[in-house]
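# Inside the fold
Residues per chain are reported as follows:
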Amino acid sequence: MSSTPSILAIDQGTTGTTCFVISEDGRILGRAYSEFTQHFPKPGWVEHDAQEIWAVTQSVAREAIAAASEAEVTGVGITNQRETVVLWDRATLEPVHRAIVWQDRRTAVLCANLKEAGHEAEVRRRTGLVLDPYFSGTKLLWLLREHPGLRARAEAGELAAGTIDSWLIAKLTHGRVHATDPTNASRTLLYNLSLAEWDPWLLDMLEIPQALLPEVRASSGDFGTTRGDALGLDVPIAGVAGDQQAALFGQGCWSSGLAKCTYGTGAFLLMHTGERIVPSNHGLLTTAACDSEGGLAFALEGSVFIAGAAIQWLRDGLGILGDASESEAMASGLESNGGVYFVPAFVGLGAPHWMPEARGALFGLTRGTTREHLVRAALEAMAYGTSEVLDAMEADSLTKTTELRVDGGAAKNDWFLGFQAGLSEVPIRRPALVETTALGAAGLAGLETGLWSSAEDFLASQGDATRFASRMPADERESLLAGWTEAVGAVKGLAKSGPQGSRP
Ligand code: ADP
């Protein structure tokens, strides 16, 4: 019997699509996942086949719906890998090129040229971003420059461009709707945060015809209706947000001072700044987010490149632990870190240091150092890195973080979360359901369709969270932070003076 009102949440990620059917009372009634092909045509290039993404998403969505036998799906929410860009024919809905993925570095020279031309400060002021190949704008410019014929078709209005959300909306509505939301738009380099619209100056600089671009609608809003044969449902698409912002919303961070951190391979932090667009002086990005009604709000964003990946390296590279989950008992069994610090700058240092040439190092080793010390140092490093980004966010926004909400694989580690809470002097909350990205998409859609009467109501449906209080004596905190600061300082010093020239 189909009776429990539910939302289909589509989480279209970089390596696969996951779909969830989430009920009014916060239960996951059905779920399915499938990967799709990664294309690496040249070094530094990463592409996806947009038709394959659609085919995989469609079949995973149908599977999740079929698994949720008691559900009555009343709306669809979409969350997606950000920045990846698709260009397609409006009439046939055929992509004209493979999607260029956020990781793709082919526009590095283009970005360097734009920087040299002195555009960076103005781009930062308008978009909150930096001139980096990561964002969609230069990828789109590359397509129009490298493929003659596309520009004329773009200017004639025959083509449509968009991030993955727009592509899925087009396919779900049979091309009736070409739309995106502010959180996705804010990752393109084409969207002006304070005007809340596409920016003619940016379009001009990146030679992008306005006719290519989707309409920007509120994240919780009307994105058209799915057509029967797409999913076997005629229901509204009512929520859209980029993955990090969806997680922020799913975690209930919809007002100033609330922050979330996803501890996976890296650590991805967003701090809500309410209605304020806060420019960063500490190497962070400013980006669109959602308020409690799914309307436009803002956030600061920063990432630590290596977080859980340091534990992975100890497991797979050094073989000193069998499973990541063993790290908890190994770390908590020690009374202290024994003076051992691990700076896992395997791929350079991100925010707030921004030193791509830095490399990792271990400090404070003695004959008494054990594998437990190394594991503990790797866990502590995640906390130090996160603390530095939180400090940068607080310095930029002049706002104290009131609560840090966490998810991702490493957030299963209770010892680590207790350490983080103490080190950063911030209370931590881990939700019962860790699928916060999909939950966010469901929440945004369910607010619009009336499944939940308010954002609070939505959050309450998710059950009990676990809390970690800040409990670390001040002298211990100071001494730990001093040790870390010294270690990072040494790594930075080495990067400046060391043998980088001999590195490949
Ligand atoms: P991603 O989506 O980036 O692949 P996940 O959210 O799946 O990451 O988290 C996996 C990461 O979390 C791995 O890097 C792993 O080392 C780390 N991890 C998993 N469990 C634990 C744990 N109990 N303690 C610390 N780290 C963990």
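Cut-off values and rules
Residues numbered from 1 in each chain as written. Predicted model: local features only at pLDDT ≥ 70, side-chain atom pairs only at ≥ 80, totals over all residues. Heavy atoms only, no water. Helix = DSSP H or I, 4+ residues; strand = E, 2+ residues; numbered from the N terminus. Rg over C-alpha atoms; globule rule 2.2 N^0.38 Å. Buried < 20%, exposed > 50% of the residue type's maximum accessible area, 1.4 Å probe, protein only. Areas by Shrake-Rupley, 256 points an atom, 1.4 Å probe, with all protein chains shown as cover. Near = heavy atom within 4 Å. Polar contact = N/O pair within 3.5 Å; in protein donor to acceptor, adjacent residues only side chain to side chain. Pairing = 2+ DSSP bridges. Axes fitted to C-alpha atoms, helices over the stretch in contact; angles between N-to-C directions. Parallel < 35°, antiparallel > 145°, perpendicular 65-115°, else oblique. Left-handed = near helix turned anticlockwise from the far one by under 90°. Contact = heavy atoms within 4.5 Å. Nonpolar A, V, L, I, M, F, W, Y, C, P; charged D, E, K, R; others polar. Salt bridge = Lys/Arg side-chain N within 4 Å of Asp/Glu carboxyl O. Patch = residues over 30% accessible without salt bridge, like charges linked within 9 Å, V, L, I, M, F, W, Y side chains within 5 Å. Disulfide = S-S within 2.5 Å.

### Some words on the overall build of the chain
A count of helices and strands for the chain gives 17 helices and 22 strands. Relative to the globule expectation of 23 Å for 504 residues, the C-alpha radius of gyration of the chain, 23 Å, shows essentially globular dimensions. Across the 504 residues that make up the chain, the buried fraction comes to 58%. Just so you have it, the chain exposes about 19100 Å², and 51% of that area is on carbon and sulfur atoms.

### Here we look at the site of the ligand
Around the ligand, the structure places 14 residues, and the nearest of them are Thr265, Gly308, Ser327, Gly409 and Asn413. In the environment of the ligand, an oxygen atom lies 2.6 Å from a nitrogen or oxygen atom belonging to the side chain of Thr265. Gly409 has a polar backbone atom sitting 2.8 Å from an oxygen atom of the ligand. Protein contacts shield 69% of the accessible area of the ligand, which totals 580 Å² for the unbound molecule. Element by element, the count of residues in the shell around the ligand is highest for helix H11 (residues 308–317), at 4 residues.

### Here we look at the sheet that holds strand E13 (residues 237–242)
Two strands in a sheet stick together by hydrogen bonds in their backbones, pointing the same way (parallel) or opposite ways (antiparallel). Here we have 5 strands laid out as an open sheet, ordered E3-E2-E1-E5-E13, and mixed in their pairing. Single-partner strands in this sheet number two, and they are strand E3 (28–35) and E13. On average, each strand axis in the sheet is inclined to that of its neighbour by 20 degrees, with strand direction left out of account. Across 7 bridges, the pairing between strand E2 (residues 16–23) and E3 is antiparallel.

### Focus: the packing of helix H13 (residues 371–397) against helix H14 (residues 414–424)
One way to put it is that H13 packs onto H14 with a least axis distance of 9 Å and a crossing angle of 40 degrees. Comparing their axes, H14 and H13 come out oblique. For H13 against H14, the interelement crossing comes out right-handed. Mapping the contact onto sequence places Arg376, Leu379, Glu380, Met382, Ala383, Tyr384, Thr386, Ser387 and Leu390 in H13 and Trp415, Phe416, Phe419, Gln420, Leu423 and Ser424 in H14. Taken together, the residues of the contact of H13 with H14 break down into 9 nonpolar, 4 polar and 2 charged.

### Some points on the pattern of salt bridges
In the structure shown here, the tally under the stated rule is 28 salt bridges. Here Arg31 ties to Glu435 by a salt bridge, and the two come within 3.3 Å at their closest N and O atoms. Pair noted here: Arg31 is in strand E3 and Glu435 is in the loop between strand E21 (428–430) and helix H15 (436–449), with a separation of 404 residues, a long-range link. Taking relative accessible area as the criterion, Arg31 reaches 46% and is therefore assigned partly exposed. Glu122 serves as the salt-bridge partner of Arg126, at 2.8 Å between the closest nitrogen and oxygen. Of the two residues, Arg126 and Glu122 are both situated in helix H3 (residues 120–127); the distance of 4 residues between them amounts to about one turn of the helix. Beyond isolated ion pairs, a larger network of salt bridges with shared partners links Arg82, Glu83, Arg187, Asp243 and Glu301.

### Considerations on a nonpolar patch on the surface
Together, Phe305, Val347 and Trp354 make up an exposed nonpolar region whose accessible area comes to about 300 Å². Mapped onto the elements, Trp354 comes out in the loop between strand E18 (341–343) and strand E19 (361–363). Given a relative accessible area of 48%, Trp354 falls into the partly exposed group.

### What to know about the sheet that holds strand E20 (residues 403–407)
Pairing within the open sheet is mixed, and its 7 strands lie in the order E16-E17-E15-E14-E20-E21-E22. Edge strands, defined here as strands with exactly one partner in the open sheet, are strand E16 (285–290) and strand E22 (466–468). The sheet shows a mean angle of 30 degrees between the axes of neighbouring strands, taken without regard to direction. The sheet contact formed by E20 and E21 spans 2 bridges and is parallel. Among the inter-strand pairings, Leu404 is bridged to a residue of E21, identified as Ile428. Contacting strand E14 (258–263), E20, E21 and E22, H14 crosses the sheet at an angle of about 150 degrees to E21.

### With respect to the state of the cysteines
Across all of its chains, the model carries 0 disulfides by this definition. This cysteine, Cys19, is not joined by any disulfide, and Cys290 carries the nearest cysteine sulfur, 19 Å off. By relative accessible area, which is 0% here, Cys19 ends up buried. This cysteine, Cys290, is not joined by any disulfide, and Cys253 carries the nearest cysteine sulfur, 12 Å off. Classification of Cys290 as buried rests on a relative accessible area of 2%.

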